[in-house]
There are 2 protein chains.
Amino acid sequence: MAQRTSHRAAPEHTHPDDVSVQTALAALADPVRISLVRELAGSQEWSRSCGSFDVPVGKAALSHHFVVLRGAGLVEQRDEGPRRVNRLRRAEFEARFPGLLDLVLRDEPTV
Amino acid sequence: MAQRTSHRAAPEHTHPDDVSVQTALAALADPVRISLVRELAGSQEWSRSCGSFDVPVGKAALSHHFVVLRGAGLVEQRDEGPRRVNRLRRAEFEARFPGLLDLVLRDEPTV
DNA sequence: CGGAGTGTATGCTTTTCATCGAACACTCGG
DNA sequence: CCGAGTGTTCGATGAAAAGCATACACTCCG
């Protein structure tokens, strides 16, 4: 049979098309999540596990932020052995909210 | 001397150029403020007084929302007799955050 | 000058959200 | 099969934000 890297419950994802502007904006209006999105944008897809990000919060809070990012259609996750790796949903999100992601990525780190 | 419609303290304004993305997103991530911006976008400049908007909050809360909108560089206000009239800073905001305002204006009313 | 209309400021609830610590679940390597 | 590594869940806490009611300030009109 095919590969089967995990027996865990797959994370719930929301497609950007099913996300309201308000939800998208709220998801991006947080300094920690902005950091996550930026770091993710500068990395290869599926190369970053949740714990590999340089943000000043504990893992419980971090886990919560990924829930929000998934719920806004910004991030896709996949279980790979013991860790959960991430991908920024650039194209899909861009199609739903043209220009929005670029605004966040281009801007200088939060002052 | 020239006209002088008010002796009141002029409202404080922030230019979009001095606004961070995070602040801009936070300002637009609220249902009441989204309504205000949309209504404002559909009206002539300087035609709407603060109290003329159809939002389900008292006037104290409303006043607060306008403070936030001014602080994000989204709205400009001017005193005109007893009332304070508004203008959406379309061009300036668009120059600072290309596409952002359009996203909010195009989208269906918050579900 | 006094009253109606309009908006702001203040003080106080209520809600929401970010955070943490601790406990639990799953995967992999010995 | 146990232990280390990783991430989620739960409960509690603290801070921020939104709300309201009231009181105040300013403008206009009679």
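So, how was this worked out
Residues numbered from 1 in each chain as written. Chains lettered and ligands numbered in written order. Predicted model: local features only at pLDDT ≥ 70, side-chain atom pairs only at ≥ 80, totals over all residues. Heavy atoms only, no water. Axes fitted to C-alpha atoms, helices over the stretch in contact; angles between N-to-C directions. Helix = DSSP H or I, 4+ residues; strand = E, 2+ residues; numbered from the N terminus. Parallel < 35°, antiparallel > 145°, perpendicular 65-115°, else oblique. Contact = heavy atoms within 4.5 Å. Nonpolar A, V, L, I, M, F, W, Y, C, P; charged D, E, K, R; others polar. Buried area = accessible area lost by both parts, 1.4 Å probe. Salt bridge = Lys/Arg side-chain N within 4 Å of Asp/Glu carboxyl O. Polar contact = N/O pair within 3.5 Å; in protein donor to acceptor, adjacent residues only side chain to side chain. Least-squares fit on C-alpha atoms with pLDDT ≥ 70 in both. 1 Å grid on protein atoms, 1.4 Å probe; cavity = no way out; pocket = protein on both sides within 12 Å on 5 of 7 lines; lining within 4 Å. Points joined across faces, edges and corners; volume = space filled by probe spheres on them. UniProt positions renumbered as here; feature names shortened; annotations may be inferred.

Enquirer: Which residues make up the packing of helix α2 (residues 31-41) of chain B against helix α3 (residues 59-71) of chain B, and what values do they have?
Expert: Residues and elements named next belong to chain B. Viewed as axis vectors pointing N to C, α2 and α3 meet at an angle of 75°, and their least axial separation amounts to 10 Å. Classed by the angle they form, the pair α2 and α3 counts as roughly perpendicular. Here V32, R33, L36 and V37 of α2 come into contact with α3, specifically with L62, H65, F66, V68 and L69. Split into classes, the residues belonging to the contact of α2 with α3 amount to seven nonpolar, one polar and one charged.

Enquirer: Talk me through the interface of chain A and chain B; I want residue IDs and the actual numbers.
Expert: Many structure descriptions define interface size as the accessible area lost when the parts assemble. Counting from both sides, the interface comprises 17 residues of chain A and, opposite them, 17 residues of chain B. Contact between chain A and chain B buries roughly 1,500 Å² in total, counting both sides, with carbon and sulfur atoms accounting for 71%. A per-residue breakdown of the area chain A buries against chain B is headed by Q22, L25 and L103 of chain A, which together make up 39% of the total. Linking chain A to chain B there are zero salt bridges. Taken together, the links from chain A to chain B amount to zero residue pairs in polar contact (both at pLDDT 80 or more). Those elements that place two or more of their residues in the side of chain A that touches chain B are α1 (21-28), α2 (31-41) and α5 (100-106) of chain A. A class-by-class count of the residues in the side of chain A that touches chain B yields 12 nonpolar, two polar and three charged.

Enquirer: Lay out the relation of the copies chain A and chain B with the relevant residues and their values.
Expert: Mapping chain A onto chain B is achieved by rotating through 180° and translating by 0.0 Å along the same axis, at an RMSD of 0.0 Å. Such a turn and shift between the copies fits a two-fold axis. Interface overlap between copies: 100% of the residues of chain A at the interface are likewise at the interface in chain B, consistent with a symmetric, same-surface contact.

Enquirer: Explain the layout of surface pockets residue by residue, including any values.
Expert: All names here are of chain A. Looking at the largest pocket, its volume works out to about 170 Å³. What lines the largest pocket is simply C50, G51, K59, L62, S63, F66, V67, R70, Q77 and R84. Taken together, the residues that form the lining of the largest pocket break down as four nonpolar, three polar and three charged.

Enquirer: How would you sum up the UniProt feature "domain: HTH arsR-type" (unreviewed entry) in chain A? Please name residues and give values.
Expert: Here the UniProt-annotated "domain: HTH arsR-type" (unreviewed entry) positions come out as residues 13-108 of chain A. Between the first and last C-alpha atoms of residues 13-108 of chain A the distance is 29 Å; the span itself is 48% helix and 15% strand.

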